[in-house]
Amino acid sequence: MKKRDIKILLVDDEPDILEIVGYNLSAEGYKIITAENGLEAIKVAKKEKPQLIILDVMMPEMDGIEACEQIRRIPDLSNTIITFLTARGEDYSQMAGFDAGADDYITKPIKPKVLVSKVKALLRRLKEEDSTNGILERGDLIINREEYKISLKGKEIILPRKEFELLSLLATKPGKVFKREEILDKVWGNEVVVGGRTIDVHIRKLREKIGDKSFKTVKGVGYKFVD
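Conventions we followed
Residues numbered from 1 in each chain as written. Predicted model: local features only at pLDDT ≥ 70, side-chain atom pairs only at ≥ 80, totals over all residues. Heavy atoms only, no water. Buried < 20%, exposed > 50% of the residue type's maximum accessible area, 1.4 Å probe, protein only. Helix = DSSP H or I, 4+ residues; strand = E, 2+ residues; numbered from the N terminus. Arc of directions from axis to C-beta. Polar contact = N/O pair within 3.5 Å; in protein donor to acceptor, adjacent residues only side chain to side chain. Axes fitted to C-alpha atoms, helices over the stretch in contact; angles between N-to-C directions. Parallel < 35°, antiparallel > 145°, perpendicular 65-115°, else oblique. Contact = heavy atoms within 4.5 Å. Expected span 1.5 Å × (residues − 1). Pairing = 2+ DSSP bridges.

Draft legend 1. Quick look at helix H3 (residues 64-71). Taken together, the buried positions of H3 are Gly64, Ile65, Ala67, Cys68 and Ile71. Buried residues along H3 cover an arc of 165 degrees about the axis, so they all sit on one side. Of the residues flanking the start of H3, the one acting as N-cap is Asp63, its side-chain oxygen 3.2 Å from the backbone nitrogen of Ile65.

Draft legend 2. Molecular detail of the packing of helix H6 (residues 161-172) against helix H8 (residues 198-210). Orientation of H6 relative to H8, taken along the N-to-C sense of each, is 80 degrees, at an axis distance of 10 Å. Of the possible angle classes, the one that applies to H6 and H8 is roughly perpendicular. Contact residues: Lys162, Glu163, Leu166, Leu167 and Leu170 in H6; Ile199, His202, Ile203, Lys205, Leu206, Lys209 and Ile210 in H8.

Draft legend 3. View of H8. With 13 residues, H8 should cover 18 Å at 1.5 Å per step; its first-to-last C-alpha distance of 18 Å lies within 8% of that length. Every buried residue of H8 is accounted for by Thr198, Ile199, Asp200, His202, Ile203, Leu206 and Ile210. Immediately beyond the C-terminal end of H8, within one or two residues, lies Gly211, with a positive phi of roughly 130 degrees.

Draft legend 4. A look at the sheet that holds strand S2 (residues 31-35). Across the sheet, 5 strands lie side by side as S2-S1-S3-S4-S5; this open sheet has parallel pairing. Of all strands in the sheet, those bounded by a partner on one side alone are S2 and strand S5 (104-107). Between one strand axis and the next, the sheet turns through 20 degrees on average, direction left out of account. Across 4 bridges, the pairing between strand S3 (residues 52-55) and strand S4 (residues 81-86) is parallel. Note that in S4 the partner of Ile54 across the bridge is Thr83. In this fold H3 packs onto S3 and S4, with an angle of close to 180 degrees to the strand it touches most, S4. The sheet contacts of helix H5 (residues 112-123) involve strand S1 (7-11), S3, S4 and S5, and relative to S3 the element is tilted by about 140 degrees.

Okay, structure coming up:
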């Protein structure tokens, strides 16, 4: 998907933020649309069907958390990426955002160049996976999901099944925070999990084999893969 085909919805009640962020993203070639509160954001999102929504949390009419929850219930927007851009950096605020269905969280103030880089990273998730051969390429890491094989910098690495499935899940959407409940459901399913630290143990083993920088812990929420 080309940049000019990507719509980004900016939602903030501060005109200066809309102008500054909108200007920098427009300069990158993205199509920018705006809204000033949560209610307006829902209406605009339904009409425009943006690929990415950047939401403030504290807004009049309807805050970003509630708006995010409602947007996540709209089938046409199920694949839309949602990130919060807010000055509130407390853990509880971040957890509320992720619980509402957000994919990421960006804290103000942020330099324009850094914001653009963040947006580019988020939009990389839009790249279609190769459904014909089940292969994911993430930098020097190649994951063959059909043959349960991975290679890192050309060297094959053998992983136990659950480590492979966990790595494969996280790598499908680099940068997306997978909540612990979602990981347990998709990797372990109905299996009985012994102990509450099962995911942590598997992540530790993956860090040892793949590299510590490839995995990031989001405290109180879950994990994400960084390519």
